[in-house]
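Take a look at the letters that make up each chain.
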Amino acid sequence: MEKATVMEKATLRENATVMEKFTVHTGTAAPLRRTDVDTDQIIPVRFCASTRRDGHADSLFADWRTEDGFVLEQPERKGATVLVAGQDFGTGSSREYAVWALQDYGFRAVIAPRFGDIFRGNSLMNGLLTVVVPAAVVERLWELTEADPTALVTVDLERLQVRCADLVQDFTLDEDVRRRLLGGLDAIADTLLDEADIARYEATRRPALPVTRPPVTYPPATVR
Amino acid sequence: MGTTLAQKAWDAHVVRRASGGGKDDLLYVDLQLLHEVNTPQAFDRLRAAGRTVRRPDLTVGTEDHNTPTLALDRVIKDREGRRQAELMRSNCAEFGIPLHRFGDPGQGIVHVIAPELGLVRPGMTIVCCDSHTTTLGAFGALAFGIGASQVEHVLATQTLPMRPLKTMAVNVEGTLPEGVSAKDLVLALIAQIGTAGGQGHIIEYRGAGVRALSMEARMTLCNMSVEAGSRAGMVAPDETTFAYLERCPGMPQGEEWDAEVAYWRSLASDADARFDREVTIDARELSPYVSWGTNPAQSVPLAGQVPAAADFGTAAERAAAERALTYMDLKPGTALRDVSVDTVFLGSCTNSRIEDLRAAADVLRGRKVADGLHMMIVPGSARVRLQAVEEGLDRVFAEAGADFRVGAGCSMCAALNEDRLLPGQRAASTNNRNFEGRQGRGSRTHIVSPAVAAATAVTGRLSSPADL
Ligand code: SF4
């Protein structure tokens, strides 16, 4: 099989409708002045029995939203799309529900000084941009967006910059991931660009390797 | 410089090297295992994107986490659990993936059935949306747990972008004394290196102490690699591996078999291979181990005592110990042998294979489970149950007053089915995690080996067979 042509690659990209492109996003912010927000806080385990990825918006920070004055419950934060949080956001359980809940609520990016490893991996797989900036920059973003809830925060993946009022901050991201997000390619669409390589690999796999079909059948068990 | 087993398995699966300035290799996956939890979302997204399963013939499913154990014709009581099982069945049917349903002779805990079905061989890459996939590294396979999005990725492409991992050698010197098992070895190791000791690494277990272990014991060892924070655990294939595989269904025959064995032999780490980290543990000094706290690293010899928070070096460790002591309701200085339990659970992907059941039966033969204590034995697979019955172990268990369940599965390991401890109940359990609430809300778990589990069932207190 030949390598996909440029045209075919473009079609593959078109078909990859699963993930929204991320180029430059501008929106209002929710300043979440908390550190060590683990995934249990982002979405408590009792909401994780669902077999769906959507419908989790109401479960986001469920235990905090009943507290007085929680940031997401303030009327001026309605429609916020950028979450600005403290150190170690998304630690703990690997549940991908945490990412789904944030996206379902409307967030496109989370800015924090440091993220839990697995959460960060999950978020970038799903097109939720997690941006690492120094703690002082987070502090400044908190101040700016608290003083003016309509202040717009721009997360620019093309120039790898976060901007808000007079603040301009560069950030870094793995090049593979950046390319994928910019193209709106989900990881699968991205991998399928190399479909020819996969097919070529498959053609050379050792023939003795096991297959699951037809499945091994044992004689019926007589159970005592 | 030579290469390690892990690197050889990795290199043999690189579809394309890291590209575009990123750091990920694209790895081919030889086998994806599925169970009913965590998979419905992956199939939904696959459908939404108009994609299909690339290699249903390299994919297999089972039902294990929610399945009942009391009878094979029982339905899953929990509504969400039943829904997960129903979706598993319809998704597998739709995409042509073979599924070993509850009640089928091939059904059981995903990590137990995979080798039984002859699907696990040295040098393979194996993934499953389950952290204890590390179990299968016992065969010299590169086997690791993945997240829900990655399941979808493998279904659609049969590959996974992966950043290279570091390697760590665990050298086990000498062989285990009589009455000490692989479970004790791995608990001692985790107590030594901590729950993050293997983070970012693939462990290779090496040395005389590992070579002497059976395949079942190696699976126990590799199973708990993830409790040391490592991504995978591996044992180089040897005569023990080949002898085990020869008995599995679907193996190549004649010359083809010989060629496979020759290839498998070549996978062993080269003599001059370098590991990023090396740890040594002396098997000859080990005795039965038991956990006292709420993570597997909080383990000590059964002959020892419950430690005090002040015994620990760092503030974080002291705080964790303090919390664990309160949760476990234990006083520092208490001899572990004085701790009474009300339940004994023999099961889970760590210790529910035939050898584990035999070890327990050897202790229980001619003895009785203590009054008022419930000993529950849940086979890892339908095959294991069948073999236990053929060997007459069911009668040994019945005569001892133990409760040998009919249905195979995870059962009380994760307490997602009906089997669970009540708040405050204390169990000696052969599973792998003693986290708060792991075996039911408010449950207290002491991780032990099968032999210690059986001896504990007889005395009602944490005991080893030597204490009887
Ligand atoms: S037996 Fe326990 S650890 Fe193993 S797969 Fe089942 S729930 Fe997970």
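Calculation rules
Residues numbered from 1 in each chain as written. Chains lettered and ligands numbered in written order. Predicted model: local features only at pLDDT ≥ 70, side-chain atom pairs only at ≥ 80, totals over all residues. Heavy atoms only, no water. UniProt positions renumbered as here; feature names shortened; annotations may be inferred. Helix = DSSP H or I, 4+ residues; strand = E, 2+ residues; numbered from the N terminus. Contact = heavy atoms within 4.5 Å. Pairing = 2+ DSSP bridges. Axes fitted to C-alpha atoms, helices over the stretch in contact; angles between N-to-C directions. pLDDT = per-residue confidence, 0-100. Buried area = accessible area lost by both parts, 1.4 Å probe. Salt bridge = Lys/Arg side-chain N within 4 Å of Asp/Glu carboxyl O. Polar contact = N/O pair within 3.5 Å; in protein donor to acceptor, adjacent residues only side chain to side chain. Near = heavy atom within 4 Å. Nonpolar A, V, L, I, M, F, W, Y, C, P; charged D, E, K, R; others polar. Domains from an automatic or database assignment. Parallel < 35°, antiparallel > 145°, perpendicular 65-115°, else oblique. Left-handed = near helix turned anticlockwise from the far one by under 90°. Buried < 20%, exposed > 50% of the residue type's maximum accessible area, 1.4 Å probe, protein only. Phe/Tyr/Trp six-rings, centres within 6.5 Å; stacked < 30°, edge-to-face > 60°. Lys NZ or Arg CZ within 6 Å of the ring centre and 35° of its normal.

With an unreviewed UniProt entry as reference, chain B is termed 3-isopropylmalate dehydratase large subunit, source organism Streptomyces boluensis. Regarding chain B, the UniProt comment filed under Subunit (unreviewed entry) reads as follows: "Heterodimer of LeuC and LeuD." Under Pathway (unreviewed entry), UniProt gives the following word-for-word description of chain B: "Amino-acid biosynthesis; L-leucine biosynthesis; L-leucine from 3-methyl-2-oxobutanoate: step 2/4."

A. Fine view of the overall build of chain A. Across its full length, chain A carries 9 helices and 7 strands. A separation of at least 24 residues holds for 70% of the contacts in chain A among residues at least 6 apart in sequence.

B. Just the sheet that holds strand S1 (residues 14–16) of chain B, in detail. Residues and elements named next belong to chain B. Spatial strand order, S1-S2-S8: 3 strands in an open sheet with antiparallel pairing. Each having just a single partner strand, S1 and strand S8 (159–162) make up the two edges of the open sheet. With strand direction ignored, the average angle separating the axes of adjacent strands in the sheet is 40°. Two strands pair when backbone bridges link them, and S1 and strand S2 (residues 25–28) are joined in this way by 2 bridges, in the antiparallel orientation. Within the sheet, the bridge partner assigned to Val-14 lies in S2 and is Leu-27.

C. The confidence of the model for chain B, seen in detail. The predicted model of chain B averages 94 in pLDDT, with 99% of residues at 70 or higher. Among the scores for the predicted complex, ipTM is 0.92 and pTM is 0.86.

D. Spotlight on the environment of Thr51(A). Secondary-structure assignment places Thr51(A) in the loop between helix H2 (39–42) and helix H3 (62–65). Each C-alpha atom of the pair Thr51(A) and Leu141(A) lies 36 Å from the other, and the pair is 90 residues apart in sequence. Those residues in contact with Thr51(A) that lie beyond four places of it in its chain are Pro40(B), Gln41(B), Asp44(B), Arg83(B), Gln84(B) and Leu87(B).

E. Main features of the interface of chain A and chain B. Chain A puts 45 residues into the contact, and the matching count from chain B is 67 residues. For the pair chain A and chain B, the summed buried area comes to about 4,900 Å², and 55% of that belongs to carbon and sulfur atoms. For the pair chain A and chain B, the number of links is 8 salt bridges. Linking Glu195(A) and Arg54(B) is a salt bridge whose minimum nitrogen-to-oxygen distance equals 2.8 Å. Remark: the boundary between chain A and chain B carries 21 residue pairs in polar contact (both at pLDDT 80 or more).

F. Quick peek at the site of the ligand. Residue and element names in this part refer to chain B. Residues in close proximity to the ligand include His-65, Ile-109, His-111, Asp-130, His-132, Ser-348, Cys-349, Cys-410, Cys-413, Ala-414, Asn-432 and Arg-438, which together make up its full environment. For the shell around the ligand, a count of residues per class yields 5 nonpolar, 5 polar and 2 charged. Here the shell around the ligand spans two domains, and each of domain 1 (5–162) and domain 3 (290–467) adds at least three residues to it.

G. Looking closely at the packing of helix H12 (residues 354–364) of chain B against helix H14 (residues 393–400) of chain B. Residues and elements named next belong to chain B. One can describe the packing of H12 onto H14 by two numbers: an axis separation of 10 Å at closest approach and a directional angle of 45°. If you check the angle between H12 and H14, you find them oblique. As H12 runs across H14, the sense of the crossing is left-handed. Note on element contacts: H14 touches H12 through Leu-393, Val-396, Phe-397 and Ala-400, opposite Ile-354, Leu-357, Arg-358, Ala-360, Ala-361 and Leu-364. The class makeup of the residues in the contact of H12 with H14 is 9 nonpolar, no polar and 1 charged.

H. Quick look at helix H7 (residues 175–182) of chain A. Residues and elements named next belong to chain A. Those residues of H7 that sit buried are Asp-176, Val-177, Arg-178, Arg-180 and Leu-181. In this fold, the buried residues of H7 make contact with helix H5 (117–126), strand S4 (129–132) and helix H8 (187–192). Among the residues trailing H7, Gly-184 stands out with phi positive, at a value near 65°.

I. How the structure looks around the environment of Arg337(B). Residue and element names in this part refer to chain B. With respect to the helices and strands, Arg-337 occurs in the loop between helix H11 (315–328) and strand S15 (343–346). Assessed through its relative accessible area of 31%, Arg-337 is described here as partly exposed. Between the C-alpha atom of Arg-337 and that of Gly-460, which follows or precedes it by 123 residues, the distance is 9.9 Å. Excluding residues that lie within four positions of it along the chain, Arg-337 makes contacts with Leu-302, Ala-303, Arg-461, Leu-462, Ser-464 and Asp-467. Within the local environment of Arg-337, its side chain forms a polar contact with the side chain of Asp-467, the two groups lying 2.7 Å apart.

J. Structural context of the UniProt feature "binding site: [4Fe-4S] cluster" (unreviewed entry) in chain B. Residue and element names in this part refer to chain B. UniProt records the feature "binding site: [4Fe-4S] cluster" (unreviewed entry) for Cys-349, Cys-410 and Cys-413 in the present numbering. These annotated residues cover 65 residues of sequence, and their C-alpha atoms all fall within 8.7 Å of one another, placing them together at a single site. Inspection of the secondary structure assignment puts Cys-349 in the loop between S15 and H12. For Cys-349, a relative accessible area of 8% gives the class buried. In contact with Cys-349, other than residues within four places in its own chain, are Ile-109, His-111, Val-112, His-132, Thr-135, Asn-223 and Asn-432. Among the structural elements, Cys-413 can be located in the loop between strand S17 (403–404) and strand S18 (426–429). Discounting chain neighbours no more than four positions away, the residues touching Cys-413 are Phe-345, Ser-348, Asn-431, Asn-432, Arg-438 and Gln-439.

K. Layout of the domain arrangement of chain B. Residues and elements named next belong to chain B. As far as domains go, chain B holds domain 1 (5–162), domain 2 (166–285) and domain 3 (290–467). The C-alpha-based centres of domain 1 and domain 2 are spaced at 22 Å. If you look at the interface, domain 1 gives 29 residues, while domain 2 gives 33 residues. Around 2,500 Å² of area is buried between domain 1 and domain 2 when both sides are counted, 64% of it from carbon and sulfur atoms. Across the contact surface, domain 1 and domain 2 share 1 salt bridge. Of the charged contacts in the structure, one is a salt bridge between Asp-270 and Lys-8, with a shortest N-O distance of 2.9 Å. Counting across the interface, domain 1 meets domain 2 through 12 residue pairs in polar contact (both at pLDDT 80 or more). Taken together, the elements giving at least two residues each to the side of domain 1 that touches domain 2 come down to helix H1 (5–11), helix H4 (110–116) and strand S7 (142–145).

L. Local environment of the packing of aromatic side chains. Inspection of every chain in the model, using the stated rule, returns 15 aromatic pairs over all chains. A network of ring pairs unites the aromatic residues Phe61(A), Trp64(A) and Phe70(A) as a single cluster. In this structure, Arg34(A) is placed above the aromatic ring of Trp64(A), and the distance from its NZ or CZ to the ring centre is 4.0 Å. Above the ring of Phe404(B), the side-chain terminus of Arg385(B) is found at 4.2 Å from the ring centroid.

M. Layout of the sheet that holds strand S16 (residues 374–377) of chain B. Residues and elements named next belong to chain B. Here we have 5 strands laid out as an open sheet, ordered S17-S16-S15-S18-S19, and parallel in their pairing. Each edge of the sheet is formed by a strand with only one pairing partner; in this case those strands are S17 and strand S19 (444–447). When S16 meets S17, the two strands line up parallel, connected through 2 bridges. Residue pairing across strands places Ile-377 opposite Phe-404, the latter belonging to S17.

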